[in-house]
Amino acid sequence: MAPASAQPAQAQYFTGTAWVKMLANAGNATDCTVGDVLFEPGCRNNWHSHPHGQLLVVTSGTGYYQEKGQPARLLRPGDTVVIAPDVVHWHGATATDWFAHLAINPSASQGAPVWLEPVTDAEYQAVH
Ligand code: MN
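What comes next is a walk through the structure. (Residues numbered from 1 in each chain as written. Predicted model: local features only at pLDDT ≥ 70, side-chain atom pairs only at ≥ 80, totals over all residues. Heavy atoms only, no water.)

1. A closer look at the pairing of strand β11 (residues 89–93)
Then, in step 1: For β11, a buried count of 5 out of 5 residues is recorded, marking the element as mostly surrounded by other parts of the structure.
Then, in step 2: Sheet topology places strand β8 (residues 63–67) next to β11; 5 bridges connect them, and they run antiparallel. Its bridge partner lying in β11, Gly-63 is registered against Ala-93. (Buried < 20%, exposed > 50% of the residue type's maximum accessible area, 1.4 Å probe, protein only. Helix = DSSP H or I, 4+ residues; strand = E, 2+ residues; numbered from the N terminus. Pairing = 2+ DSSP bridges.)

Shown next, in the form of structure tokens:
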């Protein structure tokens, strides 16, 4: 399923396996990075936040987005998520579907994501 040009995502920040193909790398004139991220079923990233926010654009499959203390949002192709700076959240696949989104990170040179604890199985199962 993973595109041939994709690289495995940083495993320490994910439960399960994800792949990332960078479409716009750091250092370009817009200072936005764009990554095409593919999650296997059940895969999600750790709780985290972005110092300058993030945009997600869903391209295939079915997944979830959840902010800390809020209900999870079910995502399908064409959905977009606007994530405000410093909001703690996670994103990933449903238990049964692959999931892919574009992750757009503005002001990429001005600060890296802040990675927190994994989404536990109990937290993940609670959204289904
Ligand atoms: Mn994020």
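2. Focus on the sheet that holds strand β3 (residues 18–24)
Then, in step 1: Strand order in the open sheet formed by 6 strands is β1-β3-β4-β12-β7-β10, and the pairing between neighbours is antiparallel. Each having just a single partner strand, β1 (7–8) and β10 (80–83) make up the two edges of the open sheet.
Then, in step 2: Summarising the sheet, β3 and strand β4 (residues 33–39) pair through 6 bridges and their orientation is antiparallel. Paired with Ala-24 across the bridge in β4 is Val-34.

3. So, the coordination of the manganese ion
When four donors bind a metal tetrahedrally, each ideal donor-metal-donor angle is 109.5 degrees, and when six bind octahedrally, the ideal angles are 90 or 180 degrees.
Then, in step 1: Taken together, His-48 (NE2), His-50 (NE2), Gln-54 (OE1), His-89 (NE2) and His-91 (NE2) make up the protein donors of the manganese ion, found 2.2 Å from the metal.
Then, in step 2: Along the chain, the residues donating to the manganese ion are arranged with the sequence spacing H-x1-H-x3-Q-x34-H-x1-H. The burial state of His-48 is the same as that of His-50; both residues are buried. (Donors = N, O, S within 2.8 Å, 3.2 Å for Na, K, Ca; no water.)

4. Quick notes on the pairing of β4
Then, in step 1: Most of β4 sits out of view: 6 of its 7 residues are buried.
Then, in step 2: Where β4 meets strand β12 (residues 99–105), 7 bridges bridge the pair, whose relative direction is antiparallel. Looking across to β12, one finds that Asp-36 is bridged to Leu-102.

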